[in-house]
Amino acid sequence: MRKGVSSVVPSIRLPMAAKTSFPHDSFLRHLELFDEATPTVAGMTLPPPLARILLTSDVTGALTKAADCLIPLLKARQAMLQAAFDTELAADELRRYQKFAKAGQPSAHTVQLRQKQASARQASSRSKQSFIKVAAAFVREAGIEIPQRVALEEFITHWIDANVPKDFSQ
């Protein structure tokens, strides 16, 4: 071994996958609690556009098929946000590490970080595809008309932000 070269390889510390917060989490949990035993939504205060879509027009206040589509839609939106967060986290980590990397053959850690970034990008693409698929089903079931020249993903994201409660406590 040459003089001055340490035989100790610096420890590779990958941060634990952080979980990003989802603003509609409490409403999603509330919707998930409904099952066949308790199909009514007693005392639920919803914005009028959302109430028309989620609740039947009869006195029972039961959930519609569109409500069944909203649950996977919100889960897909949550997965898409998490995947975007993970992709950005992997890219930031790779940039920080490459800033001090020596020229030449990439180290094992750099290769590992690139693989992590690639898998995060792939997960992001899959979650976006899933979101679009579920959004199309929700829009069809709810009878929502999408304006022309507006992408489904963009429209439904704005629709969720405008109509789905963020702080929902019942």
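Owing to the predicted nature of the structure, the values given are computational and were not obtained by experimental measurement. (Residues numbered from 1 in each chain as written. Predicted model: local features only at pLDDT ≥ 70, side-chain atom pairs only at ≥ 80, totals over all residues. Heavy atoms only, no water.)

### Quick notes on the overall build of the protein
Of the regular secondary structure elements, the protein holds five helices and zero strands. Ordered by position from N to C terminus, the α and β elements of the protein give α-α-α-α-α. Of the contacts formed within the protein by residues at least 6 apart in sequence, a portion of 64% connects residues at least 24 apart. (Helix = DSSP H or I, 4+ residues; strand = E, 2+ residues; numbered from the N terminus. Contact = heavy atoms within 4.5 Å.)

### Here's the deal with the confidence of the model for the protein
Per-chain confidence: the protein averages 79 in pLDDT, with 76% of residues scoring 70 or above. Least confident of the elements in the protein is helix H2 (residues 48–54), whose mean pLDDT is 74; most confident is helix H4 (residues 108–142), at 93. Every residue in residues 1–16 is under pLDDT 50, and counting partners more than four places away or in other chains gives 12 contacts. Within the model, pLDDT remains below 50 along residues 35–42, and this stretch shows 12 contacts once partners closer than five positions in the same chain are excluded. (pLDDT = per-residue confidence, 0-100.)

### Points about the packing of helix H1 (residues 25–32) against helix H3 (residues 65–99)
Angle between the axes and distance between the axes: these two values describe a pair of packed helices. Running from N to C, H1 and H3 point in directions that differ by 145°, and their axes come no closer than 10 Å. In this structure, H1 meets H3 at a crossing whose hand is left-handed. Between H1, through Asp-25, Phe-27, Leu-28, Leu-31 and Glu-32, and H3, the contact on the second element is made entirely by Leu-70, Ile-71, Leu-74, Lys-75 and Gln-78. Grouping the constituent residues of the contact of H1 with H3 by class yields six nonpolar, one polar and three charged. (Axes fitted to C-alpha atoms, helices over the stretch in contact; angles between N-to-C directions. Left-handed = near helix turned anticlockwise from the far one by under 90°. Nonpolar A, V, L, I, M, F, W, Y, C, P; charged D, E, K, R; others polar.)

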